[in-house]
Amino acid sequence: MPYEPPPELNALSLAQVAELVAARKLPPVAEWTPASSGDSEMVIRADGRWFHQGGEIRRPAMIRAFASLLLRDAQGRHWLVTPAEKLSIEVEDAAFIAVDVRQDGDTLVFRLNSDDLVVAGPDHPIRSVGDPETPALYLGVRHGTEARLNRSTYGQIAEIALASGDLSVSSQGATFSLVPA
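Residues numbered from 1 in each chain as written. Predicted model: local features only at pLDDT ≥ 70, side-chain atom pairs only at ≥ 80, totals over all residues. Heavy atoms only, no water.

Chemist: Residue-level account of the layout of surface pockets, with values.
Modeler: Once rolled over the atoms, a probe with the size of a water molecule shows which space is left empty. By volume, the second largest pocket amounts to about 170 Å³. Sorting the residues of the lining of the second largest pocket by element identifies β3 (55-57) and α2 (60-67) as the ones contributing at least two each. Element by element, the count of residues in the lining of the second largest pocket is highest for α2, at three residues. Considered class by class, the residues forming the lining of the second largest pocket number five nonpolar, three polar and five charged. (1 Å grid on protein atoms, 1.4 Å probe; cavity = no way out; pocket = protein on both sides within 12 Å on 5 of 7 lines; lining within 4 Å. Points joined across faces, edges and corners; volume = space filled by probe spheres on them. Helix = DSSP H or I, 4+ residues; strand = E, 2+ residues; numbered from the N terminus. Nonpolar A, V, L, I, M, F, W, Y, C, P; charged D, E, K, R; others polar.)

Chemist: Which residues make up a nonpolar patch on the surface, and what values do they have?
Modeler: On the surface, a nonpolar cluster with roughly 270 Å² of combined accessible area is contributed by Leu162, Leu167 and Val179. Residue placement: leucine 167 occurs in the loop between α3 (151-164) and β13 (168-171). Leucine 167 gets classed as partly exposed once you look at its relative accessible area, which sits at 45%. (Patch = residues over 30% accessible without salt bridge, like charges linked within 9 Å, V, L, I, M, F, W, Y side chains within 5 Å. Areas by Shrake-Rupley, 256 points an atom, 1.4 Å probe, with all protein chains shown as cover. Salt bridge = Lys/Arg side-chain N within 4 Å of Asp/Glu carboxyl O. Buried < 20%, exposed > 50% of the residue type's maximum accessible area, 1.4 Å probe, protein only.)

Chemist: Which residues make up the packing of aromatic side chains, and what are the values?
Modeler: Summed over the entire model, instances satisfying the criterion amount to one aromatic pair. Positioned above the aromatic ring of phenylalanine 51, the side-chain terminus of arginine 45 is 4.1 Å from the ring centre. Between the NZ or CZ atom of arginine 127 and the centre of the ring of tyrosine 138, over which it lies, the distance is 4.8 Å. (Phe/Tyr/Trp six-rings, centres within 6.5 Å; stacked < 30°, edge-to-face > 60°. Lys NZ or Arg CZ within 6 Å of the ring centre and 35° of its normal.)

Chemist: Give a description of the sheet that holds strand β10 (residues 126-131) that names residues and reports values.
Modeler: As summarised here, the arrangement of the six strands in space is β9-β8-β7-β12-β11-β10, forming an open sheet in which the pairing is mixed. In this open sheet, the two edge strands, each paired with only one partner strand, are β9 (117-119) and β10. With strand direction ignored, the average angle separating the axes of adjacent strands in the sheet is 40 degrees. Sheet topology note: the strand β7 (residues 96-104)/strand β12 (residues 146-149) ladder contains three bridges and is parallel. Within β12, the position partnered with phenylalanine 96 by the bridge is alanine 147. Here helix α1 (residues 14-23) sits on the sheet in contact with β7, β8 (107-112) and β9, set at roughly 115 degrees to β9. Where α3 meets the sheet, its contacts fall on β7, β8, β11 (134-140) and β12, and the angle it forms with β7 comes to roughly 30 degrees. (Pairing = 2+ DSSP bridges. Axes fitted to C-alpha atoms, helices over the stretch in contact; angles between N-to-C directions. Contact = heavy atoms within 4.5 Å.)

This is how it looks when you write it as structure tokens:
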């Protein structure tokens, strides 16, 4: 069955987003402890493109499948985890790119380059790093992985923050500064 991406973010209500998030059955990678480990020979470039042995992986369904198996450990290393093996994967910046955001009341919903939808909040925080003049913004995704906000999504978040009168945004009762500490 061919992969069909979800509808445009702006066309979805919060209830529809919640339904889509709940319907996405992700593997329990954090519960698996495979005996075998190795190198996947894969790289996720800073621009969000995936490569295996130097060749780009272009099939969105394949990238989405691999993305569902990602985990980042306490040392910051990324892994593709299955019940049988745990393979390292090089990630140049963040495992995902946040490509769109929608604000609905006190909720920020992000679409990732993997077509995942993530609701920012206490379980999915936004953090700001780098120089206060040109910070980079990251969104917690799952199992320690993060998404870097692309330029247009960063601009959308900045507009939301400026409309609120300070350089922070709120979602699901949590407030996140857009200025690096």
